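Coordinate inspection notes
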Amino acid sequence: MALDKPYTDVPGTIIFDAEQSRKGYWINQFCMSLMKAENRERFKANERAYLDEWAMTEEQKQAVLARDLNWCMRTGGNIYFLAKIGATDGKSFQQMAGSMTGMTEEEYRNMMIQGGRSIEGNRYIGENGDAQAQNQPQGSAGKKA
Amino acid sequence: MAKITASVFTSHVPAIGAAMDLGKTQEDYWKPLFAGYDFSKQWMKDNKPDVIFLVYNDHATAFSLDLIPTFAIGTAAEYKPADEGWGPRPVPVVKGHPELASHIAQSVIQQDFDLTIVNKMDVDHGLTVPLSLMCGELDPVKDAWPCPVIPFAVNVVQYPVPSGQRCFNLGQAIRKAIESYDEDINVHIWGTGGMSHQLQGARAGLINRDWDNAWLDQLINDPVACAATPHIDYVREAGSEGIELVMWLIARGAMSDVNNGQVTGKAPKLAHRFYHVPASNTAVGHVILENT
């Protein structure tokens, strides 16, 4: 029997369920290790060597090195765990969240000050809101395309 | 007999803690948010609890993927503020209430809720930011939180999180447990997290002001209907992290108008209600209800 997953039709959203958690066990446990100051130092000194200490897939390591949080999430990363990488880099939660939209930091911050992203067109895949796949990347990066 | 006199509901955004710790509360960005808690800080002084039962979620801090308890109750004597990667927040150590916490654990498990009992853990912003918002800035060494706190952590990180209905039922069991404690003490129950926010993917930054406020109306006035809100509504309407709101239903279910799953008693008094967008990525909601 398949599991009940009513959330797969929400655009721009990966729900961290049992399957994602299984896939992402090591990338998330690597992130967890960054809660210790001495591990943050070791990671910063040689990222690749530190990542090689973990049973992560090569793709997960590449996603971390690229600081591509969407990619990290596709490989099973969870945002609360991935936030430890951002903290190690001195980034705020807003900078991390914004980085996943393609917007510049300023564009994302302004969107939030103006009341945040609208729900209209962003409830179901197939609508035409700004979070839909056909409308990426967002902000000035999307306009250039 | 111990008694729940009030419930407090608030978001627990980490940036709020950072703003307080770095002295930014009077900046234009933060001023309107903190103004919404001026009433609450005075209210805390005028309605000082003996114990706070604080429902929150751990954000991959005390619980990694090694161990994912759906409901965890802290029975320790104290809890240190956690280093979440930015260094620990400079706030006082949280003192627990091991006697009442153990009493609640036993009673609630006997009412068929499977709690994980935690005797050692650090507490993250999910717990310390609500305390800071309600108590103001405190010196980590010279000051102390106004009373002992029982941390009650709910898994909202790995899906499926407990349903709103289960949280609402659990709140009723917690009230029974507290009311069977012999000592004459005054307990607050706090529900934290939310409101609408999404921290991931192309939909990051989602805010749904209309949905949040309709949900708040229902939480206050028709909690039985509010508890029936399915998971998918939170995810779709309030964002993937908006699902934290189920934790508010534990506190609401513990209020004295709710009996055997129905509203049969006198409605609580709405002492305060506040809503503000944004705090970082999040819509901040805040309510205080008093049992009458």
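Starting afresh in each chain, residues are numbered from 1 along the sequence in its written order. As a convention, the first chain written is A and the first ligand written is 1, with the rest following in written order. Restriction of local features to residues with pLDDT of at least 70 applies here, the model being predicted, together with a cutoff of 80 or more for giving and counting side-chain atom pairs; totals for whole chains, interfaces and linings are based on all residues.

Quick look at the overall build of chain A
Helix and strand definitions here come from DSSP, where helices need a minimum of 4 consecutive H or I residues and strands a minimum of 2 consecutive E residues; each element is numbered from the N-terminal end. Across its full length, chain A carries 10 helices and zero strands. Ordered by position in the sequence, the α and β elements of chain A form the string α-α-α-α-α-α-α-α-α-α. Seen along its three principal axes, the alpha-carbon backbone of chain A occupies a region of about 45 × 45 × 25 Å. Here chain A holds 145 residues, and 39% of them are scored as buried. Contacts are defined on C-beta atoms placed from the backbone: any two residues whose C-beta positions lie within 7 Å are in contact. Counting contacts in chain A only where the partners sit at least 6 residues apart, residues at least 24 apart contribute 58% of the total. Here a residue counts as buried when 20 or more other C-beta atoms sit within 10 Å of its C-beta, as exposed when there are 12 or fewer, and as partly exposed otherwise, the C-beta atoms being derived from the backbone.

Examining the nonpolar core
Of all hydrophobic cores here, the largest spans 122 residues; its most connected members are Leu54, Ile174 and Met247 of chain B. Sequence-distant contacts of Met247 of chain B, defined by excluding residues within four places in its chain, comprise Val55, Tyr56, Asn57, Val154, Val156, Cys167, Gly191, Thr192 and Gly193 of chain B. Only buried Ala, Val, Leu, Ile, Met, Phe, Trp, Tyr and Cys residues enter a nonpolar core, and they are joined through C-beta atoms within 7 Å.

So, the confidence of the model for chain B
Model confidence for chain B is summarised by a mean pLDDT of 97, while 100% of its residues fall at 70 or above. Both confidence scores are given for the complex: pTM 0.97, ipTM 0.95. For every residue, the predictor states its confidence as a pLDDT score lying anywhere from 0 to 100.

Topic: the domain arrangement of chain A
Domain annotation of chain A identifies domain 1 (18-90) and domain 2 (101-144). On a C-alpha basis, the centres of domain 1 of chain A and domain 2 of chain A stand 26 Å from each other. Each domain's extent was defined by an automatic or database domain assignment.

Considerations on the interface of chain A and chain B
Taken together, the contact pairs 46 residues of chain A with 34 residues of chain B. For the side of chain A that touches chain B, the secondary structure elements donating two or more residues are helix H2 (25-33), helix H6 (69-74), helix H7 (79-88), helix H8 (93-99) and helix H9 (105-113) of chain A. Top contributing element to the side of chain A that touches chain B by residue count: H7 of chain A, with seven residues. Residues were grouped as follows: Ala, Val, Leu, Ile, Met, Phe, Trp, Tyr, Cys and Pro as nonpolar; Asp, Glu, Lys and Arg as charged; and all remaining residues, including Gly, as polar. Residues that form the side of chain A that touches chain B fall into these classes: 26 nonpolar, 16 polar and four charged.

Focus on unusual backbone geometry
Negative phi is the rule for most residues except glycine; trans is the rule for most peptide bonds. Residue Pro137 of chain A is bonded to the preceding Gln136 of chain A through a cis peptide linkage, with omega at -10 degrees. Within the secondary structure layout, Pro137 of chain A lies in the loop between H9 and helix H10 (140-144). Across the junction of Tyr159 of chain B and Pro160 of chain B, the peptide omega takes the value 0 degrees, indicating a cis bond. Within the secondary structure, Pro160 of chain B sits in the loop between strand E7 (149-154) and helix H6 (164-179). Positive phi, normally seen in glycine, also occurs at Arg67 of chain A, with a value near 55 degrees.

Observations concerning the environment of Thr128 of chain B
Residues and elements named next belong to chain B. Structurally, Thr128 can be placed in helix H5 (residues 125-135). In this structure Thr128 comes out as buried when scored by C-beta crowding, with 27 C-beta atoms within 10 Å. Along the chain, Thr128 and Pro14 lie 114 residues apart, while their C-alpha atoms are 9.2 Å from each other. Not counting the four nearest positions on each side in its chain, Thr128 is found in contact with Gly17, Pro81, Arg89, Val91 and Val123.

Here we look at the packing of H2 of chain A against H7 of chain A
All names here are of chain A. Each axis is a line fitted through C-alpha atoms, taken for helices only over the stretch in contact, and angles between the N-to-C directions span 0 to 180 degrees. For the pair H2 and H7, interaxial distance at closest approach is 8 Å and the crossing angle is 45 degrees. One finds that H2 runs oblique with respect to H7. Note that H2 runs across H7; the crossing there is left-handed. Contact residues: H2 offers Asn28, Cys31 and Met32, while H7 offers Phe81, Leu82, Lys84 and Ile85. Each residue belonging to the contact of H2 with H7 can be placed in one class, and the counts come to five nonpolar, one polar and one charged. The cut-offs work like this: below 35 degrees is roughly parallel, past 145 is roughly antiparallel, 65 to 115 is roughly perpendicular, and the gaps in between are oblique. For a crossing to be left-handed, the near helix must be turned anticlockwise from the far one by less than a right angle; the clockwise case is right-handed.

Digging into the sheet that holds strand E8 (residues 186-192) of chain B
All names here are of chain B. Between any two strands, at least two bridges found by DSSP are needed for them to pair. As summarised here, the arrangement of the eight strands in space is E6-E3-E7-E2-E8-E1-E12-E11, forming an open sheet in which the pairing is mixed. Two strands bound the open sheet, and with one partner strand each, they are strand E6 (116-118) and strand E11 (269-279). Shown here is a sheet whose adjacent strand axes are inclined to one another by a mean of 20 degrees, direction ignored. Here strand E3 (residues 71-74) pairs with E6 via three bridges, running parallel. Bridged to Gly74 within E6 is Val118. Packing against the sheet, helix H4 (residues 98-110) makes contact with strand E2 (51-56), E3, E6 and E7, and its axis sits at approximately 150 degrees to E3. Relative to E2, H5 is tilted by about 130 degrees, and along the sheet it contacts strand E1 (3-10), E2, E7 and E8.

A word on H7 of chain A
Residues and elements named next belong to chain A. Buried residues dominate H7, accounting for 10 of its 10 residues. Every buried residue of H7 is accounted for by Ile79, Tyr80, Phe81, Leu82, Ala83, Lys84, Ile85, Gly86, Ala87 and Thr88. Elements that come into contact with the buried residues of H7 comprise H2, helix H3 (37-45), helix H5 (58-65), H6 and H8. Directly beyond the C-terminal end of H7, a positive phi value near 75 degrees is found at Gly90.

A few points about H2 of chain A
Taken together, the buried positions of H2 of chain A are occupied by Ile27, Asn28, Phe30, Cys31 and Met32 of chain A. Among the structural elements, helix H4 (47-51), H5, H6 and H7 of chain A are those in contact with the buried residues of H2 of chain A.

With respect to the pairing of E2 of chain B
Residues and elements named next belong to chain B. In terms of burial, E2 is largely enclosed, as six of its six residues are buried. Both faces of E2 are covered, namely the face carrying Val51, Phe53 and Val55 and the face carrying Ile52, Leu54 and Tyr56. Here E2 runs beside E8; their pairing, made up of five bridges, is parallel. What sits directly across from Val51, in E8, is Val187.

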